[in-house]
Amino acid sequence: MDLEFGVYGNKLSRKVICFTSMMILFCTYPYVFNLFLPLPSITILMIVTIGLVCLLIGLYKIRIQKIFLSLILIQISAVIVSMIYTRDSEYVKQLLYIIWLFFFLVMLKYFAGLKFFLYIYNRIITIISVFGAFSFLIVLLTHISPLFEYTNMDGRPGFFYYLTFTNTKYGSIIRYSGIFDEPGAMASWGIFSLLTNKLWVKDRKIEPFLIVSLLFTFSMAYYIQLVLYLLFFYFYKLTIKRILSVFFVGIVFLCLVFQSKDTDLDLYRISLARFEYDEYTGSLQGNNRKELTEKTAAIFKKNPIFGIGPTAFYSMDYMADNPFEVFAKDGIWGTFFLYLPLFYCLILGRHHRDILFASFIVLLGYQQRPFHINILHYTMLYLFLFSTYYCYNQKNAVN
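Residues numbered from 1 in each chain as written. Predicted model: local features only at pLDDT ≥ 70, side-chain atom pairs only at ≥ 80, totals over all residues. Heavy atoms only, no water.

(A) Structural context of the nonpolar core. One finds L105, Y121, F180, L195 and F384 to be the most contacted residues of the largest nonpolar core, which totals 106 residues. The element that contributes the greatest number of residues to this core is helix α4 (residues 91–111), accounting for 15 residues. Those residues in contact with Y121 that sit more than four places away from it in its chain are M22, F26, Y31, F180, S193, L376 and M380. Within the second largest apolar cluster, 5 residues are counted, among which are I299, F313, M319 and A328. (Core = buried A, V, L, I, M, F, W, Y, C linked by side-chain atoms within 4.5 Å. Buried < 20%, exposed > 50% of the residue type's maximum accessible area, 1.4 Å probe, protein only. Helix = DSSP H or I, 4+ residues; strand = E, 2+ residues; numbered from the N terminus. Contact = heavy atoms within 4.5 Å.)

Right, dumping it as structure tokens:
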């Protein structure tokens, strides 16, 4: 595979930078390691990243890509406006994360290579997903106990089952979360790997393993996004014979799940039952965000332009993880500029079907798991941007 390394340094130094970048990411939330290991604080990680990049910049003359620099400066300006209007000093944290992101991506792009980083990162996510699916089967069949327990940031207990972490188990049935804090996060970031691989990296070996293993997170959002992924990228290419084959395999799988209902191996409860209509809540059983959405929407309607600010938002009852979270917190102004890289991807997708489809799938995912102010969210959004940007340029070059 012809992987694009960074501009500067040799292969060894580029691999070292790639490894260092990955370790910095793994020390942060929503990766699970910082919940039970004495890892460096965010402040130390930020200082290390910025210090390392400044050292590298001092050794080489670097020309920053205009689109990247422009988006960063626009986001910084928008956050400053929000901070002035709401008088909320919590926005300083967001500014620091954007600055951190800038140095972090400079390190990746020029000294490791974005495509090379994604190639390695996506393979790691695939291996972790396969381990998670394997762990699900082992726990289901052997009823083994977790190796140890820990406490999640939200106070819920977490469990380590030798090859995967999880915070969700029903007897001998677990929803694996890989190296993330919960199963939904594993599925959500798995989608990013699936899409960046499809658009740019094009590592054909990992796609089938990633698709199948993520099914065992039993994430309702993943199932919806996966159906769209298959429809957009594959279904129109299939012959009638292959469509019937896929349909037959699906029917067999559904029959097996139905047969498990009300047994000791009740897979129905954590999969298909989540799509049943709940008359009491007026929503699907798997939609545990309906009440949160209604409460947060009411806050947004009172402050639609700039929101109420993060300090006021997080001091209230829990209202995160729903489509109106960012709108209520940052208003229409803050939401637009927060998702600006994604909107740019949608613009690139006007004349490129794959980019448009991938951007829509990511946008849909943000309705269920909105953007949170941490380095992983910023990093993955910009890596998706670069994936679409280079995919766009490659297709234009071919044309």
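(B) Highlighting the packing of aromatic side chains. Tallied over the entire structure, the rule returns 46 aromatic pairs. A centroid spacing of 6.3 Å and a plane angle of 65° characterise the contact between F232 and F360, whose relative ring orientation is edge-to-face. Pair noted here: F232 is in helix α8 (residues 220–233) and F360 is in helix α14 (residues 353–368), with a separation of 128 residues, a long-range link. Seen from their ring centres, Y366 and F371 are 6.4 Å apart, and the 40° between their planes marks the pair as tilted. (Phe/Tyr/Trp six-rings, centres within 6.5 Å; stacked < 30°, edge-to-face > 60°.)

(C) Up close: helix α10 (residues 290–302). Under the 1.5 Å per step criterion, the end-to-end length of α10 is 19 Å for 13 residues, consistent within 8% with the ideal 18 Å. Taken together, the buried positions of α10 are L292, T293, T296, A297, I299 and F300. Buried residues of α10, viewed axially, fall in a sector of 160°; they line one side. Turned more than 90 degrees away from the buried face of α10, the exposed residues are E291, K301 and K302. Where α10 is buried, its residues meet α11 (310–315) and α12 (325–338). (Expected span 1.5 Å × (residues − 1). Arc of directions from axis to C-beta.)

(D) Region of the structure containing the pattern of salt bridges. This structure, assessed with the given rule, holds 5 salt bridges. One salt bridge in this structure joins R156 and D154, with 2.7 Å as the shortest N-O distance. Judged by its relative accessible area of 37%, R156 falls in the partly exposed class. Between D330 and K329 there is a salt bridge; the shortest N-O distance is 2.7 Å. Accessibility assignment for this pair places D330 and K329 in one class, buried. Each of D154, R156, E182 and R369 takes part in a single network of salt bridges with overlapping partners. (Salt bridge = Lys/Arg side-chain N within 4 Å of Asp/Glu carboxyl O.)

The values reported here are purely geometric and, on their own, carry no functional implication.
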